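Here is how the chains run, residue by residue.
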Amino acid sequence: MPTSPCSTLIFGGTGFLGGLVAAALLSEERRRLLLPVRAPGDPAACLARIRLGLGDRAVAEHLIEELMRLVTVVALPPIERLSDLDQFAAAMGVNEIIHCAGCVNYFDEAGLESANVDLTAKLLEAARSWGVERFIYLSTAYCSGYRSERIPERLHPEPAPGDEPTAYTRTKRGAEWLIADSGIPFVIIRPSIVIGDSRSGIYRGKNYGHYQLWRAVEGLLCHEYAPIWYCVAPQVPANLVHQDSFQSGFIGIYRSVPPAAIVHLVSDHEKSPTMRELCWMWADVYCPREVHCYARYEDVPLRSLPARHRRFLQVVAKNLEIPNHRWEFEATQLGRLRAAGLPFTDTTLETVARCQRRYIAGSKRIQAHMERHAGRPGGPPRLVEIERG
């Protein structure tokens, strides 16, 4: 099996996106990988995630075992002692860093600053000392803040007060500026909301992003039925990207995009399902008699709602606010790759439905709820569209 004498160090290889990156690099590039794992992380669990990821990519079992021998897992030292990795970087000939690590807790500002900004600064110091040739960073498509115009593939200024979605987006934007000012050749990749595989619907990440919405339906709404479902779902496209498209896009960027590029890894805006369509798809699962649909979270009369519906909207408030904004992303870099033959499946209502069916198949609570409430009298629910000034 031909491999490069050099290797790639992946920070965040234990996470969902880091695991997808690792599986893609192994299967497509045969790269040797160095994966630091923070205690009390389990190296065996990290390797198992990558092995499953290779299986998801239809890699033959005998090849999976060969590829896994290219992976070295080491203990990640505290942030102030990243120099402890010097010996491993030298021994394995690390010539690039892929930074997938970070904090995604919107409400932990100290953790976000430490994991997304301070860690990035330390990694850049390490990259200089190791003489790496490239630093690839996974950011987020939403780090521009709320804007009405098309979001460009360049560094963003600070948004206007009130237009910052979360401290997460702020710290990811800050990390981008550190990287761009570092003097190290870099590529910044900005994915939108990553969901399951477009073909199988399989998803191995935590309940973040769109899956937090689904988990809240399962855990709150399907626990105690109410005939009216209150939702926030305007006719706005929701930009989601399938994990297989994320991997395909990543490999295309890895191979072909020049230094100092910033790439939006997003689906075609024109093909994306709207939040209203996604809401209506879940109405077939929850089986209400009426759907009271609001354009904005602020319009919902929370105090008058049943307790679980109120709690549902409070839990998912931020994950409703972000996709309910009308985003439109420049995708020049990805467009060039696709025009050159890059395989990339855009997210559509049909492909999201495939992921939803996979989620439902793994939930006995949702299945039991549907058995009790499907076939409701009167047919489909009545839509009550509520607009407030």
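Provided above is the structure to which this section pertains.
Criteria and thresholds
- Residues numbered from 1 in each chain as written.
- Predicted model: local features only at pLDDT ≥ 70, side-chain atom pairs only at ≥ 80, totals over all residues.
- Heavy atoms only, no water.
- Helix = DSSP H or I, 4+ residues; strand = E, 2+ residues; numbered from the N terminus.
- Polar contact = N/O pair within 3.5 Å; in protein donor to acceptor, adjacent residues only side chain to side chain.
- Contact = heavy atoms within 4.5 Å.
- Pairing = 2+ DSSP bridges.
- Axes fitted to C-alpha atoms, helices over the stretch in contact; angles between N-to-C directions.
- Phe/Tyr/Trp six-rings, centres within 6.5 Å; stacked < 30°, edge-to-face > 60°.
- Buried < 20%, exposed > 50% of the residue type's maximum accessible area, 1.4 Å probe, protein only.
- 1 Å grid on protein atoms, 1.4 Å probe; cavity = no way out; pocket = protein on both sides within 12 Å on 5 of 7 lines; lining within 4 Å.
- Points joined across faces, edges and corners; volume = space filled by probe spheres on them.
- Nonpolar A, V, L, I, M, F, W, Y, C, P; charged D, E, K, R; others polar.

Peer 1: What am I meant to see in the side chain of Ser182 here?
Peer 2: Locating Ser182 in the fold gives a position in the loop between α6 (167-180) and β6 (186-191). Of note is the side chain of Ser182, whose polar atom sits 2.7 Å from the backbone oxygen of Ile179. Within the structure, Ser182 has its side chain in polar contact with the backbone nitrogen of Ile184 (distance 3.1 Å). Excluding its chain neighbours within four sequence positions, the residues that come into contact with Ser182 are Leu124 and Arg128.

Peer 1: Help me understand the sheet that holds strand β2 (residues 32-38) in this model?
Peer 2: To summarise the sheet geometry, strands pair through backbone hydrogen bonds and adopt either a parallel or an antiparallel arrangement. Spatially, β3-β2-β1-β4-β5-β6-β10 is the arrangement adopted by the seven strands of the open sheet, whose pairing is parallel. Sheet topology places β3 (71-76) and β10 (261-265) at the edges, where each strand pairs with a single neighbour. Looking at each pair of strands side by side, their axes are set apart by 20° on average, direction ignored. Of the pairings in the sheet, the one linking β2 to β3 comprises six bridges and is parallel in character. Bridge pairing in β3 links Leu33 to Val71. Against the sheet, helix α5 (residues 109-130) contacts β1 (7-11), β4 (94-99) and β5 (134-138), and its axis sits at roughly 170° relative to β4.

Peer 1: I keep staring at the packing of aromatic side chains and nothing clicks. Help me out?
Peer 2: How two aromatic rings sit relative to each other is set out by the distance from centre to centre and by the angle between their planes. Here the structure, examined in full by the defined rule, presents 15 aromatic pairs. For the ring pair Tyr142 and Trp327, a centre distance of 4.9 Å and an interplane angle of 75° mean the geometry is edge-to-face. With a gap of 185 residues between them, Tyr142 in the loop between β5 and α6 and Trp327 in the loop between α11 (317-324) and α12 (332-339) connect regions that are remote in the sequence. Each member of the pair, Tyr142 as well as Trp327, is classed as buried. Taken together, a centroid distance of 6.2 Å and an interplanar angle of 55° make the contact between Tyr211 and Tyr359 tilted. With a gap of 148 residues between them, Tyr211 in helix α7 (residues 210-219) and Tyr359 in helix α13 (residues 349-361) connect regions that are remote in the sequence.

Peer 1: Mind showing me how you'd approach the sheet that holds strand β12 (residues 382-386) here?
Peer 2: Strand order across the open sheet formed by three strands is β8-β11-β12, with parallel pairing between neighbours. Of all the strands in the sheet, just β8 (228-232) and β12 have a single pairing partner and so form its edges. Neighbour-to-neighbour, the strand axes of this sheet turn through a mean angle of 20°, independent of strand direction. Pairing geometry for β8 and strand β11 (residues 290-294), over five bridges, is parallel. Bridging across to β11, Trp229 finds its partner in Val291.

Peer 1: How should empty space enclosed by the protein be read in this particular structure?
Peer 2: The gaps of empty space that remain are located by a probe, the size of a water molecule, rolled over the atoms. This model, assessed by the stated rule, comprises four cavities of 30 Å³ or more. Taken as a whole, the largest cavity spans an internal volume of roughly 170 Å³. If you go around the largest cavity, you meet 14 residues; those closest to its centre are Leu213, Trp229, Met275, Cys279 and Leu320. Secondary structure elements with two or more residues in the lining of the largest cavity: α7, β8 and α9 (275-286). Classifying every residue of the lining of the largest cavity by side-chain character gives 13 nonpolar, one polar and no charged. Quantified by volume, the second largest cavity comes out at close to 90 Å³. Taken together, Phe16, Gly19, Leu20, Ala23, Arg49, Ile50, Gly53, Asp56, Arg204 and Gln243 form the lining of the second largest cavity. Mapped onto the lining of the second largest cavity, the elements with two or more residues apiece are α1 (16-29) and α2 (43-56).

Peer 1: Can you help me understand the environment of Glu328 in this one?
Peer 2: Its location among the elements puts Glu328 in the loop between α11 and α12. Sequence separation between Glu328 and Pro306 is 22 residues; the distance between their C-alpha atoms is 35 Å. Non-local contacts of Glu328, meaning those with residues more than four positions away in its chain, are made with Glu149, Arg150, Ile151 and His269.

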